[in-house]
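# Observations on the model geometry
Residue-level listing of the chains:
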Amino acid sequence: MKSIAVFCGSNDGASPVYKENAILLGKELAARNITLIYGGATVGLMGAIADAVMQAGGRVIGVLPHFLKKREIEHTRLTELIMVDSMHERKLKMSELAEGFIALPGGPGTMEEYFEIFTWAQLGLHHKPCGLLNVDHYYDPLIALFNKMAEEKFMQEQQRSIMLTDTTPQGILQQLAGYTPPPVKKVLTDERT
Ligand code: AMP
């Protein structure tokens, strides 16, 4: 794998453990020669992971919409910063550049990005791995909800396997490397197909 998009908070979070893991993941990416694709900002965990990769001698491509240049503060020390016109363009560009995806802890923006990429995988629009780095069990409630979706048959069991989870940066990178995409989803209630 040559490039991974990381979705993560534009805030640091309440505990230092989140930033520590953003930095650890950044160092792992650089050590494995994997280019970081991310939102192009300096704020929060986004800035922390970009700085960690650059400081470790790795490559970082940021993708930032013009209107967020001031609010999220554009990162000026990246390998490349691509400016785009909208949030949709940002996500599309990031998904084109990346061979896999990891969500670190974050807020609604991080979730929006992760859900879109997960649902594109469900529909077979891409076959790239979608990992959640479950730092300090931050994502346990979301994992429980996904298990519930499968249990209550709002999602096929095999689609549930699209969501890779691990509590460590090394672990999640290993899972991404070993990912086999499931068959594309069918309508659950249609027994005839
Ligand atoms: P948050 O997790 O809410 O701190 O947001 C993390 C990042 O997601 C920030 O860079 C937001 O600008 C970005 N974001 C929020 N909504 C979207 C969206 N609809 N498309 C692309 N990026 C988004």
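Residues numbered from 1 in each chain as written. Predicted model: local features only at pLDDT ≥ 70, side-chain atom pairs only at ≥ 80, totals over all residues. Heavy atoms only, no water.

The next subject is unusual backbone geometry. Although it is not a glycine, Asn 33 adopts a positive phi angle of roughly 60°. Relative to the assigned elements, Asn 33 resides in the loop between helix H1 (16-31) and strand E2 (35-38). One non-glycine residue, Lys 153, lies in positive phi territory at about 60°. Inspection of the secondary structure puts Lys 153 in the loop between helix H6 (140-151) and helix H7 (157-160). (Helix = DSSP H or I, 4+ residues; strand = E, 2+ residues; numbered from the N terminus.)

Let's shift gears to empty space enclosed by the protein. Counting across every chain of the model gives two cavities of 30 Å³ or more. Lining the largest cavity, in full, are Phe 7, Lys 91, Met 94, Ser 95, Phe 101, Glu 113, Glu 116, Ile 117 and Trp 120. Taken together, the elements giving at least two residues each to the lining of the largest cavity come down to helix H4 (87-97) and helix H5 (108-122). Ranked by the residues each element gives to the lining of the largest cavity, the list is headed by H5, at four residues. Considering only residue class, the lining of the largest cavity consists of five nonpolar, one polar and three charged. (1 Å grid on protein atoms, 1.4 Å probe; cavity = no way out; pocket = protein on both sides within 12 Å on 5 of 7 lines; lining within 4 Å. Points joined across faces, edges and corners; volume = space filled by probe spheres on them. Nonpolar A, V, L, I, M, F, W, Y, C, P; charged D, E, K, R; others polar.)

We now examine the pairing of E2. Because side chains alternate across E2, one face comprises the buried residues Thr 35 and Ile 37, and the other comprises Leu 36 and Tyr 38, equally buried. Examined bridge by bridge, E2 and strand E3 (residues 60-65) share three bridges and lie parallel to one another. Along E3, the bridge assignment pairs Tyr 38 with Gly 62. Between E2 and its parallel partner E3, the chain crosses via helix H2 (residues 44-55), and the hand of that crossover is right-handed. (Buried < 20%, exposed > 50% of the residue type's maximum accessible area, 1.4 Å probe, protein only. Pairing = 2+ DSSP bridges. Right-handed = clockwise from strand over helix to strand, strands pointing away.)

For His 75, the location among the structural elements is in the loop between helix H3 (69-73) and strand E4 (80-84). Within the structure, the side chain of His 75 is placed 2.7 Å from the side chain of Asp 51, a separation counted as a polar contact. When sequence neighbours within four positions are dropped, the list of residues in contact with His 75 reads Tyr 38, Gly 40, Ala 41, Thr 42, Ala 50, Asp 51 and Leu 81. (Polar contact = N/O pair within 3.5 Å; in protein donor to acceptor, adjacent residues only side chain to side chain. Contact = heavy atoms within 4.5 Å.)

Counted as a void, the largest pocket has a volume near 510 Å³. In terms of lining residues, the largest pocket is bounded by 31 residues, among which Cys 8, Ser 10, Gly 109, Thr 110 and Glu 113 are the most central. If you list the elements that add at least two residues to the lining of the largest pocket, you get strand E1 (3-7), H2, H3, H4 and H5. Residue composition of the lining of the largest pocket, by class: 14 nonpolar, 10 polar and seven charged.

This brings us to the pattern of salt bridges. If you walk through the whole model with that rule in mind, you get seven salt bridges. For Lys 91, the salt bridge is made with Glu 112, and the minimal N-O distance between the two is 2.8 Å. Of this pair, Lys 91 sits in helix H4 while Glu 112 sits in helix H5, placing them 21 residues apart in sequence. Given the relative accessible area of 39%, Glu 112 is considered partly exposed. Residue Glu 152 pairs with Lys 148 through a salt bridge whose shortest N-O separation is 3.4 Å. Looking at Glu 152, the relative accessible area reads 43%, which means it is partly exposed. We classify Lys 148 as partly exposed; its relative accessible area is 41%. The network of salt bridges with common partners includes Lys 91, Glu 112 and Glu 116. (Salt bridge = Lys/Arg side-chain N within 4 Å of Asp/Glu carboxyl O.)

By themselves, these figures tell us nothing about what the structure is for.
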